[in-house]
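# Summary of the model geometry
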Amino acid sequence: MMLSAGNGFIRQSDKYSRDNAGQSLKKYTLLKRGELAYNHGASKAKQFGCCYELNEEVARIPYVYHCFKVRDTEYSPYIALTLNNTKMDRQLKRLVSSSVRMDGLLNISYDEYMSVMLYLPDKIEQKHIADFIEILEMRIEKQKNLITSLKKYKRGLSGKLFGENETTERWTTVPFGEAFELLQNNTFSRDEMSTERGVTYNIHYGDVLIKYGAVVDLSKSKVPYIRSGVSLSRYAQSSYLRDGDIVIADTAEDYTVGKAVEIVGVTDAKVLSGLHTIPCRPKISFAPMYLGYFINSKRFRTQILPLIQGTKVSSISKSEILKTSIAFPSFGVQSQIATMLYALDHKIDICQACVQELVLTKEALLQQLFI
């Protein structure tokens, strides 16, 4: 097994598709349940290495790890939490005598690692803290598994709803050009753009911007979308949008080519399409949200894939997207399909928000617990 900064102990075969130990075990240490190992390898997740407790019965791990056992007077899961906390990095940073070696290991010896200072409560309190954090981590993991299952279920449901079968064969199918009008971009002048501190340009025509097939709310997001040093005329190409319009990403710069956003529920806010998008306005009356789900379905994406051009940056042109077709049932069935898929999306959003809150709670607790 090996130590991963983000996942703790993992099997070598999970990362390398094979066991690197081979026939020789001379360069491996036998670790038992409850014992700890410190990987003094630098990584993006753990700049000064990571320390984890083994939860398997036994494991062979590379000899380069610093392995040790916690005394009976202390609780090993709590010690692992303490040593793996980011606040420990301040002590470890002082122990690094030179830069990272060619093999990625920090120059922290076993004796140096054993010299770090720990501030410990009594064993009973250690156990209460570590057990609570473990329950919190289990809750986060189960919530993530639920999200994975919901997304998988949604993919399967979408495949059944939009897949080619006896039911969908009776749907109406029309060329993309008959279903949509491709909107022409409006050009905004420099006076209609604002400059912030001389380095960033933002469109302030409305609260919402559609960029790369995703919605960016300019009234809530402070992330700049146009950098200085680039021609403003290139970035000032946008189209006003209204309810029912579709915006399709024409590149894979941030999102998959062809990913679509359907404009729903626009009131007083002015909505603009952004860079690398193809804004489309339906010529036919469709149920709200149906088109967004259809264009993001496997059935439509199967049409998109052969039309994508480019090697380094994948893209699709307006003329190519006109070669696709749109399939749809009656208005009532469209509404039922959109309602089912939206309910799943709403459930996934709630679960993701729950995970975020749990993670923030865990981080806040760890920040306060360890000095």
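Residues numbered from 1 in each chain as written. Predicted model: local features only at pLDDT ≥ 70, side-chain atom pairs only at ≥ 80, totals over all residues. Heavy atoms only, no water.

### Focus on the overall build of the chain
- The helix and strand inventory of the chain stands at eleven helices and 22 strands.
- Residues counted as buried form 43% of the 371 residues belonging to the chain.
- In the form shown here, the chain has an accessible surface area of approximately 21,800 Å², with 52% of it arising from carbon and sulfur atoms. (Helix = DSSP H or I, 4+ residues; strand = E, 2+ residues; numbered from the N terminus. Buried < 20%, exposed > 50% of the residue type's maximum accessible area, 1.4 Å probe, protein only. Areas by Shrake-Rupley, 256 points an atom, 1.4 Å probe, with all protein chains shown as cover.)

### Comments concerning the sheet that holds strand β5 (residues 50-53)
- Read across the sheet, three strands follow the order β5-β4-β7 without closing on themselves; strand pairing throughout is antiparallel. Both outer strands of the open sheet, β5 and β7 (66-68), are each paired with one neighbouring strand and no more. On average, each strand axis in the sheet is inclined to that of its neighbour by 15°, with strand direction left out of account. (Pairing = 2+ DSSP bridges. Axes fitted to C-alpha atoms, helices over the stretch in contact; angles between N-to-C directions.)

### Considerations on the nonpolar core
- Within the largest apolar cluster, 42 residues are counted, with the highest numbers of intra-cluster contacts made by F162, F176, F180, I248, Y290, I295 and I326.
- Among the elements that take part in this core, helix α11 (residues 331-369) stands out by supplying eight residues, more than any other.
- Y290 has contacts with F162, W171, E262, A327, F328, P329, Q334, I337 and A338, leaving out every residue within four places of it along the chain.
- In terms of nonpolar packing, the next biggest core, distinct from the first, is built from 16 residues, L36, F68, L106 and I108 among them. (Core = buried A, V, L, I, M, F, W, Y, C linked by side-chain atoms within 4.5 Å. Contact = heavy atoms within 4.5 Å.)

### So, helix α2 (residues 76-83)
- For α2, a buried count of seven out of eight residues is recorded, marking the element as mostly surrounded by other parts of the structure.
- For α2, the complete set of buried residues consists of S76, Y78, I79, A80, L81, T82 and L83.
- Packed against the buried residues of α2 are β4 (36-39), β5, β7, α4 (110-114), α5 (123-162) and α11.

### As for the pattern of salt bridges
- Tallied over the full model, the rule gives six salt bridges.
- Salt-bridge contacts for R281 lead to D245; the nearest nitrogen and oxygen are separated by 2.7 Å. Separated by 36 residues along the polypeptide, R281 in strand β21 (residues 277-282) and D245 in the loop between β17 (240-241) and β18 (246-249) bring together distant segments of the chain. (Salt bridge = Lys/Arg side-chain N within 4 Å of Asp/Glu carboxyl O.)

### Here we look at the side chain of E35
- When you line up the elements, E35 lands in the loop between β3 (28-32) and β4.
- Setting aside anything within four residues of it in sequence, one finds E35 in contact with L30, Y52, E53, L54, F68 and K69.

### Here we look at the packing of aromatic side chains
- Throughout the structure, instances matching the rule amount to ten aromatic pairs.
- Look at F162 and F294: their rings are 5.7 Å apart centre to centre, the planes differ by 75°, and that puts the pair in the edge-to-face class. One end of the pair, F162, is in helix α5; the other, F294, is in helix α8 (residues 290-295), and 132 residues separate them in sequence. For the pair formed by F162 and F294, the shared burial category is buried.
- Seen from their ring centres, F176 and F300 are 6.4 Å apart, and the 40° between their planes marks the pair as tilted. One end of the pair, F176, is in helix α6 (residues 176-179); the other, F300, is in helix α9 (residues 298-304), and 124 residues separate them in sequence. (Phe/Tyr/Trp six-rings, centres within 6.5 Å; stacked < 30°, edge-to-face > 60°.)

Geometry only, nothing functional implied.
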